Amino acid sequence: MKQFILPDAPDEDGVIRLTGDDFHYLARVRRMREGDMAGCRLPSGKLAEMKIKSVGEGILLAECKPKDGESHPKNRLPPIILFQSILKGAKMDAVVRQAGETGIKEIVPFYSERSVPRPACGERSPQARTGRWQRILRTAQQQSGSETPAGVACPCSADYLFDYWTRIRDHSQKALALLIHEVPL
């Protein structure tokens, strides 16, 4: 584990309370116990040191202290936003994983004419897919040590995609878009 990305910011005393999957990962998979230390990244992107205070029944309490001299990561490039048409099967999961490892700021999935959006087994909504992609993205960032806080937007239509891009372009002098599209020969 290169870093653990905290799901929320610590409280005003610097304490974070972890439950659910985060508790399971740290307490059961990583076998962290009271007094153990680990590097972590706050939701803002800032590096911190986490000291485990207690591990109870489904709850892990840790004290987080930002590392001295560390500030928000300074990227040389402007934020990179990936507009990705939805792929079928596990291909979309692979794109999300690899994008997270490379430092993408945001992934915006969209339905295109040739998309075959089929929900995975048991999924009922685009929000369920987005939640899955968020978990994949977070895991990829933790493993790769990516400094860029990233997110996955809910799938949208191509019309919304162009409106979204216009808003981004209007707020950034360094905005650049590449749209790769099949052109019939």
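An account of the accompanying structure is given in this report. (Residues numbered from 1 in each chain as written. Predicted model: local features only at pLDDT ≥ 70, side-chain atom pairs only at ≥ 80, totals over all residues. Heavy atoms only, no water.)

Description of the packing of aromatic side chains
Convention followed: Aromatic pairs are defined between Phe, Tyr and Trp rings, using the six-membered ring for Trp, whenever the two ring centres lie within 6.5 Å; interplanar angles under 30 degrees are classed as stacked, those over 60 as edge-to-face, and all others as tilted. Distance and angle both matter: a charge sits over a ring if NZ of Lys or CZ of Arg is within 6 Å of the ring centre and within 35 degrees of the ring normal.
Under the counting rule described, the total for this entry stands at 4 aromatic pairs. Each member of the aromatic cluster is reached from another via a ring pair, and the members are Phe 83, Tyr 160, Tyr 164 and Trp 165. One residue, Arg 138, lies across the ring of Phe 4, its end atom 5.2 Å from the ring centre.

Quick word on the sheet that holds strand β1 (residues 4–5)
Rules: DSSP bridges decide pairing: two strands pair if at least two such bridges lie between them. Numbering goes from the N terminus for both helices and strands, where a helix is a DSSP run of H or I of at least four residues and a strand is a run of E of at least two.
On the basis of which strands lie adjacent, the open sheet formed by 5 strands has the order β1-β3-β4-β5-β2 and mixed pairing. Two strands lie at the open edges of the sheet, namely β1 and β2 (15–18), each paired on one side alone. Bridging between strand β4 (residues 47–55) and strand β5 (residues 60–66) involves 7 bridges; their strand directions are antiparallel. Looking at β5, one finds that Glu 49 is bridged to Lys 65.

What about the side chain of Asp 93?
The condition is simple: Whenever two N or O atoms come within 3.5 Å, that pair is a polar contact, provided that in protein one can donate a hydrogen and the other can accept it, and provided that, for residues adjacent in sequence, both atoms are side-chain atoms. We call two residues in contact when some of their heavy atoms are within 4.5 Å.
Considering the arrangement of structural elements, one finds Asp 93 in helix α2 (residues 91–102). A polar contact of 3.2 Å, which involves the side chain of Asp 93, links it to the side chain of Trp 133. Setting aside residues no more than four positions away along its own chain, Asp 93 makes contact with Arg 132, Trp 133 and Ile 136.

Overview of helix α4 (residues 158–171)
The line we're drawing: Multiplying 1.5 Å by the residue count of a helix minus one yields the expected span of that helix. Relative accessibility under 20% of the residue-type maximum defines a buried residue, over 50% an exposed one, and the middle range a partly exposed one, all with a 1.4 Å probe and only protein chains included. Directions pointing from the helix axis toward each C-beta atom define the arc.
If you check α4, its first and last C-alpha atoms are 20 Å apart, about what 14 residues at 1.5 Å a residue would give, namely 20 Å. Among the residues of α4, those classed as buried are Leu 161, Tyr 164, Trp 165 and Ile 168. In an axial view of α4, the angular spread of the buried residues amounts to 100 degrees, which keeps them on one side of the axis. The outward face of α4, more than 90 degrees from its buried face, is lined by the exposed residues Asp 159 and Asp 170. Where α4 is buried, its residues meet β6 (81–85), β7 (106–111) and β9 (156–157).

Some words on the nonpolar core
Selection criterion: We define the nonpolar core as a collection of buried residues of types Ala, Val, Leu, Ile, Met, Phe, Trp, Tyr and Cys that are connected through side-chain atoms lying within 4.5 Å of one another.
Judged by nonpolar contacts, the single largest core of 18 residues is most densely connected at Phe 4, Leu 6, Leu 26, Cys 40, Met 50 and Leu 60. Looking at this core, the elements with two or more residues in it are β2, α1 (20–29), β3 (37–41), β4 and β5.

Considerations on the pattern of salt bridges
Opposite charge on two side chains allows them to pair when their charged atoms are near. Selection rule: Basic side-chain nitrogens of Lys or Arg form a salt bridge, by our definition, when they fall within 4 Å of a carboxyl oxygen of Asp or Glu.
Under the defined criterion, the tally for this structure stands at 5 salt bridges. Note that Glu 49 and Lys 67 form a salt bridge whose closest N and O atoms lie 3.9 Å from each other. You can see Glu 49 sitting in strand β4 and its partner Lys 67 sitting in the loop between β5 and β6, a full 18 residues away along the chain. The salt bridge partner of Arg 132 is Asp 93, with a shortest N-O separation of 2.5 Å. In this pair, Arg 132 sits in helix α3 (residues 126–144) while Asp 93 sits in helix α2, placing the two residues 39 residues apart along the sequence. Overall, Asp 93 belongs to the buried group, its relative accessible area being 9%.

Digging into unusual backbone geometry
Glycine aside, negative phi is the norm for most residues, and most peptide bonds take the trans geometry. Positive phi outside glycine occurs at Arg 31, with the angle close to 55 degrees. Tracing the backbone shows Arg 31 in the loop between α1 and β3.

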